[in-house]
Every structure is written in structure tokens, then in C-alpha cells.
Amino acid sequence: MTKEKGFFESLWRILENNRLYKKLITYRFFSRLLNRETITYIFFGFVTTVLGFACFAGFLWIFEHFGILGEESPRLTELLKEHKWLGFVPDFSSSLRVLVANIAAAVPAVLFSFVANKIFVFKSKSRNLQLVTREFIGFIASRLFSVFAETIILVVVVGFFQTRELYAKVLSTVVVVVLNYFMSKLLFSTRKEKPADS
């Protein structure tokens, strides 16, 4: 057993021995909600969310600090002249910064999330390279869908409703966390490694 798994096993035993936890799981609703898989998903989902928010805020800071994708950006001005239809997107500069920051922030968050979900949440034991590759591709495809949905929500909320970027990110994250749980559960629960031929 690795140090990380031993650490999480210890935390889980502490939770299992908690009086409130024992009382809550006597109710059907809570027994389904407060199981090991859901709790570890929430924990690692929180860590992934913090990582995603930190990267998102970091990219927004970089864009703002260095004038990247700002309204005064010569390339952005040129782009708006070339494609007149972009002028119909409300606050195009902010929308574009949010779009790029969200996609860039998704990369480290998705990679971390894959490892955490595979090993700790859904305890996928597959080590077969072909199966792991399929899991990774399926995971990336599901997260691309999530990033697309999150980006649409962000652009609409920031561009059309003039909401601050981080508030829009909170709203989109809530939607995406629920979506990701079901997609991950489906992906890691249905993939079973075939026994090796003897």
C-alpha cells in the first residue's frame, strides 16, 4: 500500500468511526450520498476545482498584467476589423480572455483529475496500456465536453450578463462538477480489465 492510499484509508477509518456519520448512514438517502466513492469524489473534486480556479485566475492575471487579449491589443483590433461579426459579441475582449483562460486552466486540472479519479475515487485497477489509454481518451473526451459546456456558460454569463469572471466560473463549476461525476462513474465503472491469457 502506498503512503497516499494509507493516508486516505486512515482518514476513511476516522470518518467511519464518527458518531454523526454512523447516525446519518442509517438513513437510506445519506447512506447513498455518504459512501466512500462519493466522499472521495467530492474531496478530489474540490482539489481539482481549487487547481482549476488558481490556474484560471493566474491566466486572467497574466493576460491583464501583460495586456494579452486586451482591448488595446493590436492583434485583437486587427481581428475585429477582419471579422466584423465579432463586434456583435458583447464585451468581446473579456469574453475572449475568459475563453482562453478557461481552456488553458483545464489542462492541468483535467490531468490531475484523471489520476485522482482513476486511482482514488473509482479505484480502477487496470494497468493494461491499451485499457488505460482507452480510459484516458474517454476521460479526455468527457472533459472536453465539460470544458465546452463550462466555456459556453462562462462566455454567456460574462459577455451577455456582464458578470465578473470569477463569479461566472463558480456558476459554471457547479454545473460541470455534477456532469463530470456521472461521466467519470460511467467511464471507470464500465471498464473491466480482461484477464490475461494463461
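Scroll up to find the structure this text is about.
Treat the numbers as computed from the prediction; the structure is a model and nothing was measured. (Residues numbered from 1 in each chain as written. Predicted model: local features only at pLDDT ≥ 70, side-chain atom pairs only at ≥ 80, totals over all residues. Heavy atoms only, no water.)

Chemist: For this particular structure, what's the right way to read the overall build of the protein chain?
Modeler: The number of helices and strands found in the protein chain is 8 helices and 0 strands. When the helices and strands of the protein chain are read in sequence order from the N terminus, they spell out α-α-α-α-α-α-α-α. By residue count, 35% of the 198 residues in the protein chain fall in the buried class. Taking the contacts inside the protein chain whose residues are at least 6 apart along the sequence as the reference set, 68% of them involve residues at least 24 apart. Here the protein chain has roughly 12800 Å² of accessible surface; of this, 70% comes from carbon and sulfur atoms. (Helix = DSSP H or I, 4+ residues; strand = E, 2+ residues; numbered from the N terminus. Buried < 20%, exposed > 50% of the residue type's maximum accessible area, 1.4 Å probe, protein only. Contact = heavy atoms within 4.5 Å. Areas by Shrake-Rupley, 256 points an atom, 1.4 Å probe, with all protein chains shown as cover.)

Chemist: I would appreciate a short explanation of the environment of Leu15 in the present structure.
Modeler: Along the polypeptide, Leu15 turns up in helix α1 (residues 3–16). With 21 residues separating them along the chain, Leu15 and Arg36 place their C-alpha atoms 9.8 Å apart. Apart from the residues lying within four places of it in its own chain, the contact partners of Leu15 are Tyr21 and Ile39.

Chemist: I'm lost on unusual backbone geometry in this one. Help?
Modeler: Residue Lys123 is not a glycine yet carries a positive backbone phi of 50°. Looking at the element boundaries, Lys123 is found in the loop between α6 (92–121) and α7 (129–161). Positive phi, close to 55°, is recorded for Gln162, a residue that is not glycine. Here Gln162 shows up in the loop between α7 and α8 (165–190).

Chemist: Looking at this model, I keep getting lost on the pattern of salt bridges. Mind explaining?
Modeler: Side-chain pairs of opposite charge can arise where the charged atoms are in close proximity. A full pass over the atoms with the stated rule returns 3 salt bridges. Of the charged contacts in the structure, one is a salt bridge between Glu150 and Lys169, with a shortest N-O distance of 3.1 Å. Note that Glu150 is positioned in helix α7 and Lys169 in helix α8, a separation of 19 residues in sequence. Across this residue pair, the class does not change: Glu150 and Lys169 are buried. (Salt bridge = Lys/Arg side-chain N within 4 Å of Asp/Glu carboxyl O.)

Chemist: Help me understand the packing of aromatic side chains, please; the structure alone is not making it clear to me.
Modeler: The way to describe two aromatic rings as a pair is by their centre distance and the angle between their planes. A complete count under the given rule lists 12 aromatic pairs for this structure. With 6.4 Å between their ring centres and 50° between their planes, Tyr41 and Phe122 make a pair best called tilted. Pair noted here: Tyr41 is in helix α4 (residues 36–66) and Phe122 is in the loop between α6 and α7, with a separation of 81 residues, a long-range link. Here Tyr41 and Phe122 have matching classes, each one buried. Taking the centre distance of 5.3 Å and the plane angle of 65° together, the rings of Phe114 and Phe139 count as edge-to-face. Residue Phe114 is found in helix α6, and its partner Phe139 is found in helix α7; the two are separated by 25 residues along the sequence. For Phe139, a relative accessible area of 0% corresponds to the buried category. By way of ring pairs, the aromatic residues Tyr41, Phe122, Tyr181 and Phe182 are connected into one cluster. Directly above the aromatic system of Phe53 lies the positively charged group of Lys169, at a separation of 5.9 Å from the ring centroid. Over the face of the ring belonging to Phe56 we find Lys169, whose NZ or CZ atom lies 5.0 Å from the ring centre. (Phe/Tyr/Trp six-rings, centres within 6.5 Å; stacked < 30°, edge-to-face > 60°. Lys NZ or Arg CZ within 6 Å of the ring centre and 35° of its normal.)

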